Amino acid sequence: EAQVTQNPRYLITVTGKKLTVTCSQNMNHEYMSWYRQDPGLGLRQIYYSMNVEVTDKGDVPEGYKVSRKEKRNFPLILESPSPNQTSLYFCASSSTSAGEQYFGPGTRLTVT
Amino acid sequence: GQSLEQPSEVTAVEGAIVQMNCTYQTSGFYGLSWYQQHDGGAPTFLSYNALDGLEETGRFSSFLSRSDSYGYLLLQELQMKDSASYFCAGNGPGYSSASKIIFGSGTRLSIRP
């Protein structure tokens, strides 16, 4: 089954404790992306990757890091999480940056 | 920065037709996509307009006019299950940001019997 998986689905952590949210896709897609979703603000792109070892900033990259060492995986790293990073996070993949993106189920992160 | 504007809420009657608009201040977005998101779920793709004009997929149609910086999603024969939030998303703006994706803040569609 074609899918994008994210782990964990729910995470409660404390300020400053490094965390990683994993994202994996099995569709051989080149384009992958991370979004955060906050009430009233829609989805905002954090980082995207056009292919292995090619990443670029989206609209809200501050406080986040990503890596793309393999085509299927695109982890999101929060080196020192802060309460303003409490949000719902989605990973997505697609064959190109245009057109249909497939979204993961989301990760709800709470930073206290 | 650039943004895509969407009305926050729309209410429509079951069986009717509804149009949800998406506008932006200046041109420069390469293509416009539409996504549906039910409460508690992930966005799912509905339609994509690479060029100006109308794209039709079953009960859903999407329209883009880049010269007017405007697009819309049209839903026909509304069903209760269509109650959800609908987001437009554009690539760009500008050639140097063509791989970036900007989402509108979404329109929450409520269907009444």
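Residues numbered from 1 in each chain as written. Chains lettered and ligands numbered in written order. Predicted model: local features only at pLDDT ≥ 70, side-chain atom pairs only at ≥ 80, totals over all residues. Heavy atoms only, no water.

Q: Looking at this structure, I do not really get the interface of chain A and chain B. What am I missing?
A: Accessible area lost on assembly of the parts is the figure often given for the size of an interface. Contacts between chain A and chain B engage 22 residues on the former and 18 residues on the latter. Interface of chain A and chain B: buried area, both sides summed, is about 1,600 Å²; carbon and sulfur atoms make up 56% of it. The interface formed by chain A and chain B includes one salt bridge. Between lysine 100 of chain B and aspartate 59 of chain A there is a salt bridge whose closest N-O contact spans 3.3 Å. For the side of chain A that touches chain B, the element with the highest residue contribution is strand β5 (residues 42-51) of chain A, accounting for five residues. Partitioned by chemical class, the residues of the side of chain A that touches chain B number ten nonpolar, nine polar and three charged. (Contact = heavy atoms within 4.5 Å. Buried area = accessible area lost by both parts, 1.4 Å probe. Salt bridge = Lys/Arg side-chain N within 4 Å of Asp/Glu carboxyl O. Helix = DSSP H or I, 4+ residues; strand = E, 2+ residues; numbered from the N terminus. Nonpolar A, V, L, I, M, F, W, Y, C, P; charged D, E, K, R; others polar.)

Q: Would you mind going over the state of the cysteines with me for this structure?
A: Where two cysteines share a covalent bond between their sulfur atoms, that bond is called a disulfide. Residue and element names in this part refer to chain A. Applying the stated criterion across every chain yields a total of two disulfides over all chains. The disulfide partner of cysteine 23 is cysteine 91, and the S-S distance across this bridge is 1.8 Å. Judged by the sign of its S-S torsion, about -70°, the cystine formed by cysteine 23 and cysteine 91 is left-handed. Residue cysteine 23 is located in strand β3 (residues 19-25), and its partner cysteine 91 is located in strand β9 (residues 87-94); the two are separated by 68 residues in the primary sequence. Per residue, the accessibility class of cysteine 23 equals that of cysteine 91, and both read buried. (Disulfide = S-S within 2.5 Å. Buried < 20%, exposed > 50% of the residue type's maximum accessible area, 1.4 Å probe, protein only.)

Take it as geometry only, folks, not as evidence of what the structure does.
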